[in-house]
Amino acid sequence: MSLHCSLHVMYELILTMDKLWKTRKPPEPLSILTHTSHEESSEGTSTSLVDQRQWSIPECIDIFLNCIPALRERQLEQKELIWDKDCDIDLDFVVASTNLRAHLFSIPLKSKFDIKSMAGNIIPAIATTNAVISGIIVMEALKVLAGEFNRCKTTYLPKHPNPRKHLLVTCPLLKPNPKCYVCSPRPEATVKLNTNTVTMGTLQDKILIAHFGMVAPDVEFDDGKGTILISSEEGETEGE
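Chemist: So what exactly am I meant to see when it comes to the overall build of the protein chain here?
Modeler: A count of helical and extended segments in the protein chain gives five helices and four strands. Ordered by position in the sequence, the α and β elements of the protein chain form the string α-α-α-α-β-β-α-β-β. Residues counted as buried form 21% of the 240 residues belonging to the protein chain.

Chemist: Sorry if this is basic, but what is going on with the state of the cysteines here?
Modeler: Cysteine pairs can be covalently joined through their sulfur atoms, and such a bond is termed a disulfide. Taken as a whole and judged by the stated rule, the model has zero disulfides. Free of any disulfide, Cys67 has its nearest neighbouring cysteine sulfur in Cys87, separated by 8.9 Å. Under the relative-accessibility criterion, Cys67 is labelled buried at 6%.

Chemist: What exactly am I supposed to notice about the packing of aromatic side chains here?
Modeler: Aromatic ring pairs are described here by two measures, namely the spacing of the ring centres and the angle between the planes. Taken as a whole, this structure holds one aromatic pair when the rule is applied. Ring centres 5.2 Å apart and planes at 25° place the aromatic pair Phe64 and Phe93 in the stacked group. Here the residue Phe64 occupies a position in helix 2 (residues 57-78), and Phe93 occupies one in helix 3 (residues 88-104), the gap between them amounting to 29 residues.

Chemist: Looking at this structure, I do not really get the pairing of strand 4 (residues 227-230). What am I missing?
Modeler: Look at any regular strand and the pattern is simple: side chains alternate between the two faces of the sheet. The pairing of strand 3 (residues 219-221) with strand 4 spans three bridges and is classified as antiparallel. Note that in strand 4 the partner of Phe221 across the bridge is Thr227. Here strand 3 folds back onto strand 4, and the loop between the two strands holds five residues, one of which, Gly224, carries a positive phi near 85°.

Chemist: Quick question: what am I supposed to make of the packing of helix 2 against helix 3 here?
Modeler: Interhelical geometry of helix 2 versus helix 3 gives an angle of 135° and a closest axis separation of 8 Å. Regarding the angle of helix 2 to helix 3, the classification is oblique. As for how helix 2 packs across helix 3, the hand of that crossing is left-handed. For the pair helix 2 and helix 3, the contacting residues are Ile57, Cys60, Ile61, Ile63, Phe64, Cys67, Ile68, Ala70, Leu71 and Arg74 in the first and Ile89, Asp90, Asp92, Phe93, Ala96, Ser97, Asn99, Leu100 and His103 in the second.

Chemist: Honestly, the nonpolar core in this entry has me stumped. Any pointers?
Modeler: One recurring pattern in soluble globular proteins: nonpolar side chains tend to sit buried together. Ranked by size, the top nonpolar core spans 15 residues in total, and within it Trp55, Ile57, Cys60, Ile63, Val95, Ala96 and Leu100 carry the most contacts. Secondary structure elements with two or more residues in this core: helix 2 and helix 3. In terms of residue count, the dominant contributor to this core is helix 2 (seven residues). In terms of nonpolar packing, the next biggest core, distinct from the first, is built from six residues, Leu203, Ile207, Leu208 and Ile230 among them.

Chemist: Before we go on, may I ask you to explain helix 2 in this structure?
Modeler: Note on helix geometry: an α-helix contains 3.6 residues per turn, so any two residues three or four positions apart are oriented the same way. The terminal C-alpha atoms of helix 2 lie 31 Å apart, and with 22 residues this matches the ideal 32 Å at 1.5 Å per residue to within 8%. Looking at helix 2, one finds that the buried residues are Ile57, Pro58, Glu59, Cys60, Ile61, Ile63, Phe64, Cys67, Leu71 and Arg74. Directly beyond the C-terminal end of helix 2, a positive phi value near 70° is found at Lys79.

Chemist: Sorry if this is basic, but what is going on with helix 5 (residues 200-209) here?
Modeler: By the burial criterion, the buried members of helix 5 are Leu203, Ile207 and Leu208. In an axial view of helix 5, the angular spread of the buried residues amounts to 80°, which keeps them on one side of the axis. Where helix 5 is buried, its residues meet strand 3 and strand 4.

Chemist: When you look at a nonpolar patch on the surface in this model, what are you seeing that I'm missing?
Modeler: A contiguous nonpolar patch, built from Val132, Ile133, Ile137, Leu157, Leu167 and Leu168 and spanning about 470 Å² of accessible area, is present on the exposed surface. If you trace the backbone, Ile137 turns up in helix 4 (residues 112-145). Its relative accessible area of 54% is what places Ile137 among the exposed residues.

Chemist: Sorry if this is basic, but what is going on with the side chain of Arg74 here?
Modeler: Along the chain, the position of Arg74 falls in helix 2. Residue contacts for Arg74: discarding those within four places in its chain leaves Lys79, Leu81, Ile82, Cys87, Ile89 and Asp90.

Chemist: I'm lost on the confidence of the model for the protein chain in this one. Help?
Modeler: Predicted coordinates in regions of low pLDDT should not be interpreted in detail. Of all residues in the protein chain, 81% attain a pLDDT of 70 or more, and the chain-wide mean is 78. Here residues 36-48 is a poorly scored stretch, pLDDT under 50, and it has 14 contacts once near neighbours within four places are set aside; other chains count.

Chemist: How should the pattern of salt bridges be read in this particular structure?
Modeler: Where charged atoms of side chains with opposite charge meet at close range, the side chains can pair. All chains considered together, the criterion is met by seven salt bridges. Between Glu59 and Arg53 there is a salt bridge whose closest N-O contact spans 3.0 Å. Of the two residues examined, Glu59 and Arg53, each falls in the buried class. Residue Asp92 pairs with Lys112 through a salt bridge whose shortest N-O separation is 2.8 Å. Here Lys112 lies in helix 4 and Asp92 lies in helix 3, a separation of 20 residues in the sequence. A single network of salt bridges, built from pairs that share partners, joins Asp88, Asp92 and Lys112.

Reading guide: rules and limits
- Residues numbered from 1 in each chain as written.
- Predicted model: local features only at pLDDT ≥ 70, side-chain atom pairs only at ≥ 80, totals over all residues.
- Heavy atoms only, no water.
- Helix = DSSP H or I, 4+ residues; strand = E, 2+ residues; numbered from the N terminus.
- Buried < 20%, exposed > 50% of the residue type's maximum accessible area, 1.4 Å probe, protein only.
- Disulfide = S-S within 2.5 Å.
- Phe/Tyr/Trp six-rings, centres within 6.5 Å; stacked < 30°, edge-to-face > 60°.
- Pairing = 2+ DSSP bridges.
- Axes fitted to C-alpha atoms, helices over the stretch in contact; angles between N-to-C directions.
- Parallel < 35°, antiparallel > 145°, perpendicular 65-115°, else oblique.
- Left-handed = near helix turned anticlockwise from the far one by under 90°.
- Contact = heavy atoms within 4.5 Å.
- Core = buried A, V, L, I, M, F, W, Y, C linked by side-chain atoms within 4.5 Å.
- Expected span 1.5 Å × (residues − 1).
- Arc of directions from axis to C-beta.
- Patch = residues over 30% accessible without salt bridge, like charges linked within 9 Å, V, L, I, M, F, W, Y side chains within 5 Å.
- Areas by Shrake-Rupley, 256 points an atom, 1.4 Å probe, with all protein chains shown as cover.
- Salt bridge = Lys/Arg side-chain N within 4 Å of Asp/Glu carboxyl O.
- pLDDT = per-residue confidence, 0-100.

Written as structure tokens, this is what we have:
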């Protein structure tokens, strides 16, 4: 029942958000009743290593359903579940659920080997980047606490070293622009509109983006209910 709900019912609800699928292919709800475990596996199973073979959708369904009881039993014993990429049950569950979701959104499926490689690289990459950025923030914060504002720098971390082979590139802070709506002493602007003729599209495209230079504007009506007029998230204003 949980698999049917996650793979079919929820995506039926997502499909009702027509605005999301005007420029991209909508997800295709998957029902476990229409897929059996007797379908043939992906091609190349006889020559590929087991973990490098891409599972078929019926295989993903079977493995997903088989992992649930084992994970539930472990949760009852340990009170909580801690994911370990080196544990076969944990990895099988992630591989199966990931590929099922990818299939719904027409995203290419991945083998167990590929997903384990990605999962193993995400945490070290995040930890390393966070450590670098945190260190830079602390260094600049010490200058602020010491009152040495003239020594503060803006630091960029590009994807590749610059011509001087520096990975961290610094430059002096820019002075506040009095015409900037963000760093000016009074970060506000008054806009008068004819609400009978100006549309939300005109407000977003011609005024907020073209005139004020906003990239992804958000506009909320101060009515005490948090009514969203313009949102940078697709589908958030659906039905407003």
